[in-house]
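So the chains spell out like this:
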Amino acid sequence: MITRKSSKVLAVVALLLGSLVQAAQRANTFDEALEKAGDDGVIAYCYGPDWNARSVKLLQTFWKSPAAEEAAGNAVMVAVPFYERDDAKGADEAASIRGKMPAPPFSVCPTVMFFDKSGRKYADFQGSDYLGSDDECTEGVKNIAKYIQALRKQQELLAQAEGKVGLEKAKLLVEVGNLPIEKPADFMEQLELADPTDKLGGIRRHKFNALQFMYKQLDTPDGFLKPDFEADYAQMKKDCFEIVEDEAYDPRDRQAVLNLYIGQSRREAIQANQLKGFIKKVNKIDPNTDYGKLSPTLVNLWGNIKHKLTSEERKAAREAKRAKDKEKKAKKRDQRRAADTIEIE
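Quick caveat: nothing in here was measured; it's all calculated off a predicted structure.

Engineer: I tried to follow the pairing of strand β5 (residues 121-126) on my own but got confused; where do I start?
Structural biologist: The side chains of a regular strand alternate, first on one face of the sheet and then on the other. Pairing of strand β4 (residues 111-115) with β5, which is carried by five bridges, proceeds in the antiparallel orientation. Its bridge partner being in β5, M113 is matched across the sheet by D124. Connecting β4 to the next strand, β5, in antiparallel fashion are five residues, including G119 with a positive phi near 95 degrees.

See below:
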């Protein structure tokens, strides 16, 4: 039965896919789904029969709904159980259903995974942020349609790029890289051949890793700061703004880099109006990302610094903190030694 809510979802899906003429198929196993797969590939719904009751419930209300089938386009749909216990009833059958399909990221269920017809995973999503909190998973239905549309666009752009060379090909490849799905395996190789001097900025955009950039700035291999670490504020500003001011980079990466600099600026106790200016710049880069949406709140939380410390004051504060920490450690050490002492009469 199609409810008023699901009919609205179908309308949105139709707009995303550009047509109501779709014919999603069903398969009993992942390997069977791959054999049947056409250009829209395979969509797998991962659920946990012996540990996640909601994922089992959503098999009926979401995965087998007309809205989900409409969103899936011409993909082959398959439901794959993932048991927590190997000795659970049905676990052996689940292994044969799964076949050569990889497990969902972090073994989270429910998860929706997307594969092209070659078996390459190009997208996945899970959790209420992407499925929605309602039983029909209206957000999940929209996201299925979005990723199918992205796969089709990727295939279209790659077909157009065939036979082209130089910047003409590079422009199409940059569009491929900007789609919200995994890039083809040889994407960077093809882009570097097409635009070796990076005139379009696609190489630096798609090679950049914001997390690794942060690790380098903070001189850490794993995110844990060294006890004696002191940031080179001037160098950090230079490195960060090379990324922030270069529109070739992804807006979210530019915002992440600027947020790193904002955090260090707050530790440096710069003036409130300067800090507010940096935070507002995050919003200006793209107000629709999570960073952009949070920036007005951050202005209120972090924009009230009244006094700008001098470099000498900052140095004195750091030294005082280290001395205090050293004193605490010495006190704990003395307490442990006292506790271990055996008094002999």
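On we go.
Engineer: How do you make sense of helix α13 (residues 251-267) when you look at a structure like this?
Structural biologist: For an α-helix, 3.6 residues make a turn, and residues three or four places apart therefore share a direction. Look at α13: 24 Å from first C-alpha to last across 17 residues, which is about the 24 Å you get at 1.5 Å a residue. The buried fraction of α13 is high, at twelve of 17 residues. Check the buried side of α13 and you find it contacts α10 (202-207), α11 (210-217), α12 (233-244), α14 (272-285) and α15 (290-302). Measuring from the side-chain oxygen of the N-cap residue of α13 to the backbone nitrogen of R252 gives 2.8 Å; that N-cap residue is D250. A269 occupies a position one or two residues after α13 and carries a positive phi of about 60 degrees.

Engineer: Help me understand the packing of aromatic side chains, please; the structure alone is not making it clear to me.
Structural biologist: To describe a pair of aromatic rings, one takes the distance between the centres and the angle between the planes. Per the stated rule, a full pass over the model turns up 15 aromatic pairs. Judged by centre distance (5.8 Å) and plane angle (40 degrees), the rings of F114 and F125 are tilted. In this pair, F114 is assigned in strand β4 and F125 in strand β5, connecting sequence segments eleven residues apart. For the pair shown, F114 and F125 are each scored as buried. When the centroid spacing of 5.2 Å and the interplanar angle of 75 degrees are considered together, the rings of Y261 and F278 count as edge-to-face. One end of the pair, Y261, is in helix α13; the other, F278, is in helix α14, and 17 residues separate them in sequence. The two residues Y261 and F278 agree in class, both being buried. Linked through ring pairs, Y45, Y47, F62 and W63 together constitute an aromatic cluster.

Engineer: I would appreciate a short explanation of the packing of helix α8 (residues 166-178) against helix α9 (residues 187-194) in the present structure.
Structural biologist: When two helices pack together, their arrangement is given by the angle between the helix axes and the distance between those axes. The interhelical angle for the contact between α8 and α9, taken along N-to-C directions, is 150 degrees, at an axis separation of 8 Å. Relative to α9, the element α8 lies roughly antiparallel. Two packed elements cross with a definite hand, and for α8 against α9 that hand is left-handed. Taken together, the residues of α9 that come into contact with α8 (itself represented by G166, L167, K169, A170, L173, V174, V176 and G177) are F187, Q190, L191 and A194. Taken together, the residues of the contact of α8 with α9 break down into eight nonpolar, three polar and one charged.

Engineer: Can you help me understand the environment of D195 in this one?
Structural biologist: One can find D195 in the loop between α9 and α10. With 27 residues separating them in the primary sequence, D195 and E168 have C-alpha atoms 9.3 Å apart. Excluding its chain neighbours within four sequence positions, the residues that come into contact with D195 are L167, A170, L200, G201 and I203.

Engineer: Would you explain the pattern of salt bridges in this entry?
Structural biologist: Note that side chains of opposite charge can pair when their charged atoms are close. For the coordinates displayed, the defined rule picks out 19 salt bridges. In this structure, K117 and D39 form a salt bridge, with 3.0 Å as the shortest nitrogen-oxygen distance. With K117 in the loop between β4 and β5 and D39 in the loop between α2 (30-36) and β2 (42-47), this residue pair connects regions lying 78 residues apart in the sequence. According to the relative accessible area criterion, D39 is partly exposed, its value standing at 47%. With a closest N to O distance of 3.6 Å, K153 and E156 form a salt bridge. With K153 and E156 both in helix α7 (residues 138-161), this residue pair falls three residues apart, about one helical turn. Taking the relative accessible area as the measure of exposure, K153 reaches 32% and is therefore partly exposed. For E156, a relative accessible area of 39% gives the class partly exposed. Connected through shared salt-bridge partners, D50, R85 and D87 make up one network.

What counts and how
Residues numbered from 1 in each chain as written. Predicted model: local features only at pLDDT ≥ 70, side-chain atom pairs only at ≥ 80, totals over all residues. Heavy atoms only, no water. Pairing = 2+ DSSP bridges. Helix = DSSP H or I, 4+ residues; strand = E, 2+ residues; numbered from the N terminus. Expected span 1.5 Å × (residues − 1). Buried < 20%, exposed > 50% of the residue type's maximum accessible area, 1.4 Å probe, protein only. Contact = heavy atoms within 4.5 Å. Polar contact = N/O pair within 3.5 Å; in protein donor to acceptor, adjacent residues only side chain to side chain. Phe/Tyr/Trp six-rings, centres within 6.5 Å; stacked < 30°, edge-to-face > 60°. Axes fitted to C-alpha atoms, helices over the stretch in contact; angles between N-to-C directions. Parallel < 35°, antiparallel > 145°, perpendicular 65-115°, else oblique. Left-handed = near helix turned anticlockwise from the far one by under 90°. Nonpolar A, V, L, I, M, F, W, Y, C, P; charged D, E, K, R; others polar. Salt bridge = Lys/Arg side-chain N within 4 Å of Asp/Glu carboxyl O.

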